[in-house]
Amino acid sequence: SQQGEEDPQALSIQEGENATMNCSYKTSINNLQWYRQNSGRGLVHLILIRSNEREKHSGRLRVTLDTSKKSSSLLITASRAADTASYFCATEGGSYIPTFGRGTSLIVHP
Amino acid sequence: DAGVIQSPRHEVTEMGQEVTLRCKPISGHNSLFWYRQTMMRGLELLIYFNNNVPIDDSGMPEDRFSAKMPNASFSTLKIQPSEPRDSAVYFCASSLTGQETQYFGPGTRLLVL
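These lines cover the structure that appears in this document, whether it is placed above or below. (Residues numbered from 1 in each chain as written. Chains lettered and ligands numbered in written order. Predicted model: local features only at pLDDT ≥ 70, side-chain atom pairs only at ≥ 80, totals over all residues. Heavy atoms only, no water.)

**Some details on the state of the cysteines**
Residues and elements named next belong to chain A. Within this structure, the stated rule accounts for 2 disulfides over all chains. Here Cys 23 pairs with Cys 89 through a disulfide, and the sulfurs are 2.0 Å apart. With the S-S bond torsion at 65 degrees, the cross-link from Cys 23 to Cys 89 turns out right-handed. Linking Cys 23 in strand E3 (residues 19-24) with Cys 89 in strand E9 (residues 85-92), this pair joins segments that are 66 residues apart in sequence. Its relative accessible area of 0% is what places Cys 89 among the buried residues. (Disulfide = S-S within 2.5 Å. Helix = DSSP H or I, 4+ residues; strand = E, 2+ residues; numbered from the N terminus. Buried < 20%, exposed > 50% of the residue type's maximum accessible area, 1.4 Å probe, protein only.)

Okay, structure coming up:
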């Protein structure tokens, strides 16, 4: 299966700390995306990283991709209570249809 | 842009009834996806349309589920007859092409009693 799997399933931190979530997948990909889902809402796109890229930044977000290890990480620096949400990775390979993992539930305590 | 629009936002129905969920994708997007999300199974892709044509419906659980996209600005997901195990949040998403960023609607929360 192409499906990405996020780790950990749940993460609880204090405001100001950094949060790191990981995504592993099984087969080669064209790109990998990270999404956020607030409770009761739809998913919102955060970052897309292509297979020939190793790192991308967007504000307090940093995404890395290691295709040799078939893994990606999402780092949220200086977390805020508003970052509390579920975070999903979506891998896209030969089928050109993004496949979502089960997500990491992040709680940031004020 | 209003984003992806879904209706209804909430639906409560009784087992055996027909349920129709509606989606209006972002104008200009040529790919549309229907997903189902539950605690047990996570986010499941049900069906994917490209230029109004169903490309992959392998995720549709069974014949009780059907989806149509009669034009570029409208899609429906129908469940007939509905069962309690169909209770979930159903999301519609669209993208410019099938390979890029997906924009999700707010979802329809379905409860089948």
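From this point on, the discussion continues.
**Digging into the interface of chain B and chain A**
Listed as interface residues are 22 residues of chain B and, on the opposing side, 18 residues of chain A. Interface area, chain B with chain A, both sides summed: about 1500 Å², of which 52% is carbon and sulfur. Taken together, chain B and chain A are joined by 0 salt bridges. For the pair chain B and chain A, the number of links is 5 residue pairs in polar contact (both at pLDDT 80 or more). Taken together, the elements giving at least two residues each to the side of chain B that touches chain A come down to strand E4 (31-38) and strand E5 (42-50) of chain B. Sorting elements by how many residues they give to the side of chain B that touches chain A places E5(B) first, with 4 residues. Here the residues of the side of chain B that touches chain A sort into 10 nonpolar, 7 polar and 5 charged. (Contact = heavy atoms within 4.5 Å. Buried area = accessible area lost by both parts, 1.4 Å probe. Salt bridge = Lys/Arg side-chain N within 4 Å of Asp/Glu carboxyl O. Polar contact = N/O pair within 3.5 Å; in protein donor to acceptor, adjacent residues only side chain to side chain. Nonpolar A, V, L, I, M, F, W, Y, C, P; charged D, E, K, R; others polar.)

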